[in-house]
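Now for the letters of each chain:
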Amino acid sequence: MAVDVVWFKKDLRTYDHSPLIDAAKSDNTILCLYVLEPERFDLDDVDPIHIEWELNNAIELSKSLEKIGGSLHFEISDIVTTLSKINSNFKIARILSHEETGNSWSYQRDKLVQKWCQKQNISWIEFPTNGVIRTLQDRDLWKRKRDSRMRENLYQPPIISDCIEFQGEIPSMKTLGLKSRRLQNYPEPGQDAALKRLDSFLNEEAKQFQWAISSPTLAVKHGSGLSVYLTAGAISMRRVVQATNARMEYIRKNKAEIKDPTDWLKSLGSFRKRLAWHCHFVQKLEMEDNLDLVAQNPVIDSNLMRVLDEDRFTRWKNGTTGWPFLDACMRQLSSTGWINFRMRAMIMSAASYNLWLPWRATGCHLARQFLDYEPGIHWSQVGMQSGTTGINTIRAYSMTKQGKDQDPTGDYIRKWVPELAMVPTKYIHEPWKMPNELQETISCVIGQHYPEPILDEIESRKEGIKRSYAARSSKESREISKKVLKRHGSRSRPRRKRSNQKKLF
Ligand SMILES: Cc1cc2nc3c(=O)[nH]c(=O)nc-3n(C[C@H](O)[C@H](O)[C@H](O)COP(=O)(O)OP(=O)(O)OC[C@H]3O[C@@H](n4cnc5c(N)ncnc54)[C@H](O)[C@@H]3O)c2cc1C
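On a predicted model such as this, the values are computed, not experimentally measured, just so you know. Counting from 1, residues in each chain are numbered in the order their sequence is written. Residues qualify for local features only when their pLDDT is at least 70, as the model is predicted, and side-chain atom pairs are given and counted only at 80 or more; totals for whole chains, interfaces and linings, by contrast, use all residues. Heavy atoms from the whole structure form the basis of all side-chain values; hydrogens and water molecules are not counted.

Enquirer: When you look at the nonpolar core in this model, what are you seeing that I'm missing?
Expert: Nonpolar cores are built from buried Ala, Val, Leu, Ile, Met, Phe, Trp, Tyr and Cys residues. Side-chain atoms within 4.5 Å join them into one set. Exposed residues in this analysis have more than 50% of their type's maximum accessible area, buried residues have under 20%, and partly exposed residues fall in between, with area computed by a 1.4 Å probe over protein chains only. Of all hydrophobic cores here, the largest spans 46 residues; its most connected members are Trp-316, Leu-326 and Ile-347. Where this core is concerned, the elements lending two or more residues are α13 (310–318), α14 (324–336), α15 (341–354), α16 (359–369), α17 (375–385) and α19 (411–416). Only DSSP runs of H or I with at least four residues qualify as helices, and only runs of E with at least two residues qualify as strands; both kinds are numbered from the N terminus onward. A per-element tally of this core places α15 first, with seven residues. Two residues form a contact once any of their heavy atoms are found within 4.5 Å. Excluding anything up to four places from it in sequence, Trp-316 contacts Thr-321, Leu-326, Met-330, Ile-347, Ala-351, Leu-355, Thr-362, His-365 and Leu-366. By size, the runner-up hydrophobic cluster in this structure holds 36 residues, among which are Ile-49, Trp-142, Ala-206 and Val-228.

Rendered as structure tokens:
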């Protein structure tokens, strides 16, 4: 029997799924496959929360496939062994999958699959994912190609008439011997939940998007929350882009009946830009496959000579630095698996400039914390926020300023750092300034109930910025930065800075 294997990876959906459509059109029998590779469990950037999220989405995919006559085979093994087994039971005619732009491990794994396919004379057809364009050498044509990809028609799930039934079931985390931490606000998995989220965001919460997303509390409500679904591939980027365009078109046409149409359009425009950033950053990893291991500008990275100081690293990870707003952010992140963009940037900046910690260690820790871990975005952002690309301005955030801007009453800090619950607003961002008598009265003695600041924030930031500029100044590092810009730099014209633009740093 000739079999088409549809290999599901980070595309756990039946909607807008080109490999599935292609297989359904052919005369071959279909085998839908999802493989969990145990080697991944030991990778530095993988956490049990990622495996659990994938399994939960795979269970939903299995239900969606059943509705259209399909069945999802689950295997726990390495992919080449699995394919060999399938090939000896049935004869594989073709393997169909989406292209994956993942970490260095998945890139090497795909090379092994490629080799195996060549040896067996089996064709492996990979379909493009989102707005990532394979084999590009620079960015000159990227935007045009990406935008045209986003305009292509969406596919409905096909009807599958000839499919090999899976007899087993997808195991639980417990059966796999994995323990995941319980996350608060855990999203509902699967493509139906992703579509519901998109619909609710576009019709209800998005109006405030533009001004709300910098706040760690408001972003929970007015951000799209779609990153976890995009990462698992429970929804395609093209679908999100087209739904956003349709909503914007509707608002433009019905301005008279819609309250605050300008706010809606501004916010949706800003959201749409971020969807393009998603593709832009993943494209970087596509063109530089070891971005998770080597800095874009290795000379700057080596000049920086950052040090993995265990005490600093542990206190940063645990949210016990004594810098209240940063500690609150780290604790929100570890409890929920998510935090907004501005705070991710600030967390990375604190680790890199104030604490002088190396990006690979801090980046791996954050990757394991983010339920929406997407290697292309993540490692590009880690590079930018740690000042190791050489093409981005040095962004060293002032944590106290961010705290005062985003949490003026201090309620966010009080929620996530309960040790500070009784601290009056006047001192909440700098509790070490509280008079001793007050510290005693409210049982929040700095150095006893809550730590002293790990370092002087202003001085450590100043020193970090100074050393970062020095690391960029050599001729060799500037030459590399030019090459990085040519290969990866956005071709959009930079916006002129408005004089009243808010200061971040
Ligand atoms: C150090 C650092 C690490 C990051 N790691 C990840 C990661 O692993 N996975 C991830 O999806 N995002 C990452 N981001 C980007 C951003 O913080 C998240 O995409 C966003 O917070 C997700 O929330 P949301 O879905 O509500 O996004 P929204 O604000 O609603 O935006 C919609 C979508 O646009 C994309 N997007 C938004 N902001 C960015 C951005 N700055 N760069 C690229 N794409 C963006 C995402 O796909 C997001 O789902 C990182 C940012 C930083 C500074």
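Enquirer: Teacher, can you tell me more about the pairing of strand β4 (residues 91–98) here?
Expert: Among the eight residues of β4, six are classified as buried, and the element is accordingly described as predominantly covered. If DSSP finds at least two bridges between two strands, the strands pair. As defined by bridge partners, strand β1 (residues 2–8) adjoins β4 across six bridges and the pair is classed as parallel. Its bridge partner lying in β4, Ala-2 is registered against Lys-91. Relative to strand β5 (residues 123–127), β4 runs parallel, the two sharing five bridges. Within β5, the residue paired with Leu-96 across the bridge is Ile-125.

Enquirer: Help me out: how do you make sense of the packing of aromatic side chains in this one?
Expert: Working definition: an aromatic ring pair is given by the centre-to-centre distance plus the angle between the planes. Put simply, two rings from Phe, Tyr or Trp (the six-membered ring, in Trp's case) pair if the centres are within 6.5 Å, and we call them stacked under 30 degrees between planes, edge-to-face over 60, tilted for the rest. According to the stated counting rule, one finds 10 aromatic pairs in the structure shown. Aromatic pair Phe-201 and Phe-271: ring centres 4.7 Å apart, planes at 55 degrees, arrangement tilted. Note that Phe-201 is positioned in helix α6 (residues 191–203) and Phe-271 in helix α11 (residues 261–287), a separation of 70 residues in sequence. Looking at Phe-271, the relative accessible area reads 3%, which means it is buried. Taken together, the aromatic side chains of Trp-53, Tyr-186 and Tyr-229 make up a single cluster linked through ring pairs.

Enquirer: Would you mind going over the environment of Asp-44 with me for this structure?
Expert: Following the sequence through the fold, Asp-44 ends up in the loop between β2 (29–36) and α2 (48–67). Residue Asp-44 is classed as partly exposed on the basis of its relative accessible area of 45%. For Asp-44 and Arg-360, which are 316 residues apart along the polypeptide, the C-alpha to C-alpha distance reads 9.7 Å. Ignoring any residue separated from it by four or fewer positions in sequence, one finds Asp-44 in contact with Arg-360, Cys-364 and Arg-368. Polar side-chain contacts of Asp-44 include one of 3.4 Å to the side chain of Arg-360. Pairs of N or O atoms are called polar contacts if they sit within 3.5 Å, as long as, within protein, a hydrogen donor faces a hydrogen acceptor (for residues adjacent in sequence, only side-chain-to-side-chain pairs).

Enquirer: It is not clear to me how the sheet that holds β5 should be interpreted in this structure. Could you clarify?
Expert: Two strands in a sheet stick together by hydrogen bonds in their backbones, pointing the same way (parallel) or opposite ways (antiparallel). Judged by pairing direction, the sheet is parallel, and its five strands sit side by side in the order β3-β2-β1-β4-β5 without closing on themselves. On the outer flanks of this sheet lie β3 (72–76) and β5, each paired with one strand and no other. For this sheet the average axis-to-axis angle between neighbouring strands, irrespective of direction, equals 30 degrees. Packed on one face of the sheet, α2 meets β1, β2 and β3 and runs near 165 degrees to β2. Angles run from 0 to 180 degrees between N-to-C directions of axes, and those axes are lines fitted to C-alpha atoms, restricted for helices to the stretch in contact.

Enquirer: Hey, could you run me through the site of the ligand in this one?
Expert: Taken together, the neighbourhood of the ligand is formed by 25 residues, with Ser-224, Gly-225, Ser-227, His-278 and Asp-372 sitting nearest. Contacts to the ligand include His-278, whose side-chain N or O atom sits 2.7 Å from an oxygen atom. For the ligand, a nitrogen atom lies 3.2 Å from a polar atom in the side chain of His-378. Here the Shrake-Rupley method, with its probe set to 1.4 Å, supplies the accessible areas, and only the displayed protein chains count as covering residues. Protein burial of the ligand: of its 820 Å² of free accessible surface, 98% is covered by the chains. Only α9 (227–232), α11, α15 and α17 provide two or more residues apiece to the shell around the ligand. Considering each element in turn, the shell around the ligand owes the most residues, six residues, to α11. Broken down by class, the residue content of the shell around the ligand amounts to 14 nonpolar, seven polar and four charged. Residue ranges for the domains trace back to a domain assignment, done automatically or taken from a database. Each of domain 2 (191–286) and domain 3 (298–488) gives at least three residues to the shell around the ligand. The nearness test applies per residue and asks whether one of its heavy atoms lies within 4 Å of the molecule or strand. Put simply, Ala, Val, Leu, Ile, Met, Phe, Trp, Tyr, Cys and Pro go in the nonpolar bin, Asp, Glu, Lys and Arg in the charged bin, and everything else, Gly too, in the polar bin.

By themselves these figures say nothing about function.
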